[in-house]
Amino acid sequence: MALIVRVSECAFVLCVMAVYWLTEALPLAATALFPALLFPFFGIMKSSQVAGVYFKDFHLLLIGVICLATSIEKWGLHRRIALSLVTLVGVNPGWLMLGFMNSCAFLSMWVQNTSAVAMVMPIVEAIIQQILNAEGEGEQRQRTMTGTSNLGLELDGEKLTNQKLITLPYHNGLLTWSRQFMTHYHLFFFLKVIGQKIEGRYRSKREHMMCKGLCLSITYSSTIGGIATLPGTSPNLIFSEFYPECTSVNFGNWIVLCLPISIIALLLSWIWLHWMFIGSDFRVLFRPSGERSERETATARVIEEDYNTLGPTSPQEVVTAFIFILMVVLWVFRDPGFMPGWASIFLPEYAGYISDATVALLLGLMFFIMPAHKPSADKHGIKYEAMISWKEFQACMPWEVALLVGGGFALAEGTQVSGLSSWVANLLSPLGSLPIIATVTIACVLVTSVTELASNAATITIFLPILAPLAEAIHVNPLYILIPTTLCTSFAFLLPSSNPSNAIVFAYGHLTTTDMVKAGIGVNVISVLAVLLAVTTWGIPLFDLDTYPDWAPTPSTSNVTGW
C-alpha cells in the first residue's frame, strides 16, 4: 500500500509539473524547483538527496561552452565566420540562402540556437534592406548592424517595454533574447504587435517572397545545426545525462550520428524553401557569375563592405578560434571508439574519470586567464584585461536553463525511487507487439507536436521519464527510442512562439504566421524522416541499438502492476 501511495504522489508531481511547463503558468525555472519542495513532503526523497541531483556533469559542460560562446560574440568571430561562408557561395538568392543557412547551422552547433540567430539575422536584414532599397542603403545598413533598424521593434519596442511584456537588451549590437525567459503567451501578444505588416516595403511580390525565404532559412537552419552536437541544444545535453552509466553517448559518437542528419535535413530544407519562396527553376543557380543582375551586384557590394569593416583578423579572434578548434578535437578524440582515445593513453590509471565536461571546463577557464591585450602599467598599477570577464559570462549564461535541467534530473530520479517508472513500464508493455520502427515514429510525431506548444527543454524533461520505461518494458535498447525523440524535440518550426529563434526572425516584420506554418510543415517532415533514416541505418551499429545493453535496468514486476 505504501508503494502505491508513493507512486501516486510522484505521478501527481509529474502531472503538475507537466501542466505548469506546458502552460507556463509559472516561469519554467520556478516549476523546476517543485521536486525539491514536494518530494521531501511526500516522503519520496530526502531534501539532501534531491539537492544532490540538481547539479550534474551537464552543468560543467554548459559552463565551458558558454565561456567559448561569450568570447566568440565579444570579439566578433561569428560575423567573420558568417560573412566568409556567405562569400564562398555567391550572391544569387538561392546560393545566398544556402550560405546563410550554412553559417547559422555551423554557429548553432557550438552556441545556443537563439544566440546564433541573433548573431546572423542583423547581417541578413542588412542585405534585405539593400535588396528593397538600393539607394541610401549605407545609413540603413549601419543602423541594422548596430541592432537598431528592425522596423518591427522600432514600431512598438518602447510601448512593449513599458508594458513589461518583454525587455529588448542589446549586447555588442546583437539582440540577446537568449538571456530572457519569456512565456509563450507573452510572445503571442508581443508578436501580434510587431508582426503587423508594414505597407509599401516591397516593390514586388517576388522581392517579398525572397525576404520571407531568407528569414525562415535562418531560424530553421539554427535548429537543424544545433542537433549535430551534444552542446548544440538543451535537449541533447539533458538526454546525455539521463543514463550516466551509458558511455556510448559522447561527443564523438553523437556527431557521427547527427552531423549527417543535419546535412541531409539542411540541404532538403534549402530545396524546399527555394521551391516555396524563390522558385522552382533551379537552373538559375548555375548561371555564369558574369551574368549578375543589378540586385545581385548591390548585394555583393553590401557583403564585401561589411566584411571589410571587420578589418584584419585580430589576435583575440585567433586565440578564440584556436581554443574552439582545440576543444572540438579533444572532444572527438577523447574516446572515439574506433581507436584508443587520448584520455586512455595519457591517463590510463584514471580511465573513465575524464568527460567532455572536463575538456570544456579546462578550455573555458582559459578565457578568464589569457590576456586579451598586452598588460600595461600606469600610476594605478598594472592594467590587465582577460579574454572575457565574469560579468560578460553572466550575461550569456542561461542560468534558467541550468535550473530547468536540474529539475528534470530530480524528477527522473524521483520516478525511479518511487517506483513510478516500473509502473509505467508495466502499463506500456503491450506496445511491445508493435514493430519498433512504428513505436519510434509514434514517439517522434508526438514530441514534435508537443514541442510546438512547450519549450524544447520542458518537453524532453517531461517525456524522458515516460519513454525510458517504455523501452525497458518492451526490452528494446532505450537509445533506440530516446535518441530520435530527443532530436525531434528540437523541431519546433511551425509557430513564431514555438521557440525564441522563430520569434526573433518573425519580429523583423517580413513574415506572417501562415508563412511559418506552411514552410514549417515541410521542414518538420524532412527533419523527422532524416532522423528515422539515421537511427535505422548507421545509428544501429554505432550505438548497438539491436541489443539490450547491460547498463539499462531490467524492469521488475511489482505489486503495483495491477493498480
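For the structure, check the block above.
Since this is a predicted model, take the numbers as computed values, not measurements.

Undergrad: Can you help me understand the packing of aromatic side chains in this one?
TA: The geometry of an aromatic ring pair is captured by two quantities: the separation of the ring centres and the angle between the planes. For the structure shown, the criterion picks out 18 aromatic pairs. Aromatic pair Phe 242 and Tyr 243: ring centres 5.1 Å apart, planes at 90°, arrangement edge-to-face. In this pair, the class of Phe 242 matches that of Tyr 243, namely buried. Within the aromatic cluster, the residues linked to one another by ring pairs are Phe 106, Trp 110, Phe 251, Phe 324 and Trp 331.

Undergrad: I tried to follow the layout of surface pockets on my own but got confused; where do I start?
TA: Empty pockets left among the atoms are what a rolling probe the size of a water molecule brings to light. Empty space within the largest pocket amounts to approximately 540 Å³. Forming the boundary of the largest pocket are 25 residues, of which Val 249, Arg 334, Ile 354, Ser 355 and Asp 356 lie nearest the centre. When contributions to the lining of the largest pocket are tallied by element, the ones reaching two or more residues are α5 (57-74), α13 (234-240), α17 (342-346) and α18 (356-369). The element best represented in the lining of the largest pocket is α5, accounting for three residues. Across the lining of the largest pocket, the residue classes break down as 14 nonpolar, six polar and five charged.

Undergrad: What should I look at first to understand helix α12 (residues 205-226) in this one?
TA: In this model, α12 (22 residues) spans 32 Å end to end at C-alpha, consistent with the 32 Å of a helix rising 1.5 Å per residue. Summarising burial for α12: 20 of the 22 residues are buried, a large majority.

Undergrad: So what exactly am I meant to see when it comes to the pattern of salt bridges here?
TA: A pair can form between side chains of opposite charge whenever their charged atoms are brought close. Taken as a whole and judged by the stated rule, the model has four salt bridges. Here Lys 74 makes a salt bridge to Glu 392, at a shortest N to O gap of 3.1 Å. Placement of the pair is Lys 74 in helix α5 and Glu 392 in helix α19 (residues 390-396), with a sequence separation of 318 residues. Measuring nitrogen to oxygen at the nearest pair gives 2.7 Å for the salt bridge that ties Arg 80 to Glu 317. Here Arg 80, found in helix α6 (residues 77-89), pairs with Glu 317, found in helix α16 (residues 315-332); they are 237 residues apart in sequence, far enough to count as distant. The class of Arg 80 is buried, set by a relative accessible area of 8%. Salt bridges sharing partners connect three or more residues here, namely Lys 74, Glu 385 and Glu 392.

Conventions we followed
- Residues numbered from 1 in each chain as written.
- Predicted model: local features only at pLDDT ≥ 70, side-chain atom pairs only at ≥ 80, totals over all residues.
- Heavy atoms only, no water.
- Phe/Tyr/Trp six-rings, centres within 6.5 Å; stacked < 30°, edge-to-face > 60°.
- Buried < 20%, exposed > 50% of the residue type's maximum accessible area, 1.4 Å probe, protein only.
- 1 Å grid on protein atoms, 1.4 Å probe; cavity = no way out; pocket = protein on both sides within 12 Å on 5 of 7 lines; lining within 4 Å.
- Points joined across faces, edges and corners; volume = space filled by probe spheres on them.
- Helix = DSSP H or I, 4+ residues; strand = E, 2+ residues; numbered from the N terminus.
- Nonpolar A, V, L, I, M, F, W, Y, C, P; charged D, E, K, R; others polar.
- Expected span 1.5 Å × (residues − 1).
- Salt bridge = Lys/Arg side-chain N within 4 Å of Asp/Glu carboxyl O.

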